[in-house]
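Residue strings, one per chain:
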Amino acid sequence: MSKHDTPQSPATRVVTGGRRDEWTGGVVNVPVWRASTILYDDVADLRAAAGANTHHRLYYGRRGTPTQWSLAEALTELEPGAEGTLLYPSGVAAITTALLAYLKPGDHLLLPDSAYDPTRAFANGMLKTIGVETTLYDPVVGAGIAELIRPNTRVLFLESPGSLTFEVQDVPAMAAIARERGITTILDNTWATPLLFPAMAHGVDVTIMACTKYVVGHSDAMLGSATAVASHWQALRDATYQLGQHVGPDDAALGARGLRTMAVRLKQHGESSIRIAKWLMDQPGVARVLHPALPGCPGHDVFVRDFRGSAGLFAFVLDGGSDDARAALIDGLALFGIGYSWGGYESLALPIDPHRYRSVTRAQAEGPMIRLQIGLEDTDDLIADLDAGLARFRATR
């Protein structure tokens, strides 16, 4: 047994994955290959390459170099049962390409009402334009999804936990029903990553990450990925190539750099977020905390059953108060930045209004809501910062 065949835990695979000797060339990290044109020895060589399988072969820059192949292979190794991974310039690009790979005019898509807003916008925009009908469903419907399936349903899209309100879906039950009906399941697994929720072990066909978040981990690159089982790999690969999706080598290298420390970062993000979420539950001015790891969050029982741990993103509901009071809380925070995205080393606070993005379920809230990304700062310092923010909220509510 070679060193590459030795059984490895997921935490080890994030360090070792994709580092083939022929790609590293004797150094620790795969070098950054910047290439568009690939040169051939002669016309016969060029013609032979055009008729060959170009996966992991230098062909043209858009098909990748060892820099991209290494990261893609490392992500595949994190999902036992996966055939391969493709990289995209953003998480949204991965989502839209995957949907286009498995949907055609006249098809029907099932989409959770808690889905990321750009995913909803794509379903209501381009997919509708080409003749794909979308039904939004209650994210905690579980096995009840069977009642929404139509003869032309082709894709069941899942996002667990859901954006902004963090409902946890019963992915194994829903994926099993979809597989029985010949329906493709696509999961946006950005919150958990394969380290906390191995999607394919729970029956998912295609799993997507906005690698911009925890994989990159440093808020300095946009990146997405889609990983598929063997039965769905070719369709995903064909759609990706036909749409011209490509990731530059420098961004792929930043993703690979971040991946190597993702396990230890994610562990700290999760531990800190749970501590802060529990603290918030007991604070005056806080009505509810929406954190999948805590009782009371929709689908918490499923989270305990299926997830290996927690990530660092959650939300809380203020007990009444105005938008101005919420702004006063956020604006005065010293350690929490105000901005979109998450998954980097820095903490963020964002005002959210989930009711604007709901169609079939109601996002009930006792007051304004705030989403927190808990970074790698000292937890006591973050709690002190939030404590002062809540005092400002209470003074201006």
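Quick note: structure is the one above.
Residues numbered from 1 in each chain as written. Predicted model: local features only at pLDDT ≥ 70, side-chain atom pairs only at ≥ 80, totals over all residues. Heavy atoms only, no water.

Caption draft 1: Quick look at the overall build of the chain. In terms of helices and strands, the chain carries 14 helices and 12 strands. Projected onto the principal axes, the alpha-carbon positions of the chain cover approximately 75 × 50 × 40 Å. By residue count, 55% of the 397 residues in the chain fall in the buried class. Looking at the chain as shown, the accessible area adds up to about 16600 Å², and 52% of this sits on carbon and sulfur atoms. Computed over 35 positive and 43 negative side-chain charges, the separation of the two mean positions in the chain equals 3 Å. (Helix = DSSP H or I, 4+ residues; strand = E, 2+ residues; numbered from the N terminus. Buried < 20%, exposed > 50% of the residue type's maximum accessible area, 1.4 Å probe, protein only. Areas by Shrake-Rupley, 256 points an atom, 1.4 Å probe, with all protein chains shown as cover. Lys, Arg positive; Asp, Glu negative; His and termini not counted. Charge placed at Lys NZ, Arg CZ, Asp CG, Glu CD.)

Caption draft 2: Main features of the sheet that holds strand 10 (residues 336-337). Here we have 5 strands laid out as an open sheet, ordered 8-9-12-11-10, and mixed in their pairing. Every other strand in the sheet has two partners, leaving strand 8 (286-290) and strand 10 as the edge strands with one partner each. Across the sheet, helix 11 (residues 262-281) is in contact with strand 8, strand 9 (313-318) and strand 12 (369-373); its angle to strand 9 comes to roughly 10 degrees. (Pairing = 2+ DSSP bridges. Contact = heavy atoms within 4.5 Å. Axes fitted to C-alpha atoms, helices over the stretch in contact; angles between N-to-C directions.)

Caption draft 3: Structural context of the nonpolar core. Grouped together as the largest cluster of nonpolar side chains are 57 residues, with contacts concentrated most on L71, L75, L156, W191, L259 and M262. Not counting residues within four places of it along the chain, the set of residues in contact with M262 comprises V14, L78, T193, L195, Y214 and V215. Core analysis: the second largest hydrophobic core is formed by 28 residues, L86, Y102, V132 and A228 among them. (Core = buried A, V, L, I, M, F, W, Y, C linked by side-chain atoms within 4.5 Å.)

Caption draft 4: Examining the environment of A199 more closely. Tracing the backbone through its elements, the reader meets A199 in the loop between helix 8 (193-196) and strand 6 (206-209). Assessed through its relative accessible area of 0%, A199 is described here as buried. A199 sits 119 residues away from P80 along the chain, and the two C-alpha atoms are 9.0 Å apart. Contacts of A199, omitting those with residues within four sequence positions, involve E79, L187, N189, V204 and T207.

Caption draft 5: Inspection of the pairing of strand 9 at higher detail. The element strand 9 is extensively covered by neighbouring structure, given that 6 of its 6 residues are classed as buried. Here strand 9 shows no split at all, with L313, A315 and V317 on one side and F314, F316 and L318 on the other all buried. Bridge analysis of strand 8 against strand 9 gives 4 bridges, and the strand direction is antiparallel. Counterpart to V289 in the pairing with strand 9 is F316. As defined by bridge partners, strand 9 adjoins strand 12 across 5 bridges and the pair is classed as antiparallel. Paired with F314 across the two strands is L372, which belongs to strand 12.

Caption draft 6: A look at the pairing of strand 1 (residues 84-88). The buried fraction of strand 1 amounts to 5 of the 5 residues, a majority that puts the element mostly inside the structure. Taking every second residue as pointing to the same face, both faces of strand 1 are buried, with G84, L86 and Y88 on one and T85 and L87 on the other. Examined bridge by bridge, strand 1 and strand 7 (residues 224-228) share 5 bridges and lie antiparallel to one another. Residue pairing across strands places Y88 opposite G224, the latter belonging to strand 7.

Caption draft 7: Structural context of the sheet that holds strand 3 (residues 133-137). Strand order in the open sheet formed by 7 strands is 1-7-6-5-4-2-3, and the pairing between neighbours is mixed. Of all strands in the sheet, those with a lone pairing partner are strand 1 and strand 3, marking the two edges. Taken over all neighbouring pairs, the strand axes of this sheet differ in orientation by 20 degrees on average, direction set aside. Pairing analysis gives 4 bridges linking strand 6 to strand 7, with the strands arranged antiparallel. Counterpart to V206 in the pairing with strand 7 is A228.

Caption draft 8: Layout of the packing of aromatic side chains. For the structure shown, the criterion picks out 6 aromatic pairs. Relative to W69, the ring of W23 has its centre 6.1 Å away and its plane inclined at 50 degrees; by these criteria the two rings are tilted. Within this pair, whereas W23 is found in helix 2 (residues 21-24), its partner W69 is found in helix 4 (residues 66-77), the two being separated by 46 residues in sequence. The same class applies to W23 as to W69, namely buried. Both rings, one in F197 and one in F307, keep their centres 4.9 Å apart while their planes meet at 35 degrees; by these two values the pair is tilted. A residue pair is termed long-range when its members are at least 10 positions apart, and F197 in the loop between helix 8 and strand 6 and F307 in the loop between helix 12 (300-306) and strand 9 qualify at 110 residues. For the residue pair F197 and F307, the accessibility class agrees, reading buried in each case. Members of the aromatic cluster, connected to one another through ring pairs, are W191, F197, F303 and F307. (Phe/Tyr/Trp six-rings, centres within 6.5 Å; stacked < 30°, edge-to-face > 60°.)

Caption draft 9: Highlighting unusual backbone geometry. Here the residue pair S160 and P161 is connected by a cis peptide bond, since its omega of -5 degrees sits within 30 degrees of zero. Position of P161 among the secondary structure elements: in the loop between strand 4 (153-159) and helix 7 (171-180). Phi is positive for L164, which is not a glycine, with a value near 75 degrees. Considering the arrangement of structural elements, one finds L164 in the loop between strand 4 and helix 7. In this structure, F166 takes a positive phi of about 65 degrees despite not being glycine. Along the chain, the position of F166 falls in the loop between strand 4 and helix 7.

Caption draft 10: Structural detail: the side chain of D113. Structurally, D113 can be placed in the loop between strand 2 (108-112) and helix 6 (117-129). The exposure class of D113 is buried, given its relative accessible area of 0%. One polar contact links D113 to R120, side chain to side chain, over a distance of 2.8 Å. In contact with D113, other than residues within four places in its own chain, are R120, L136, Y137, P139, Y357, R358, S359, V360 and T361. (Polar contact = N/O pair within 3.5 Å; in protein donor to acceptor, adjacent residues only side chain to side chain.)

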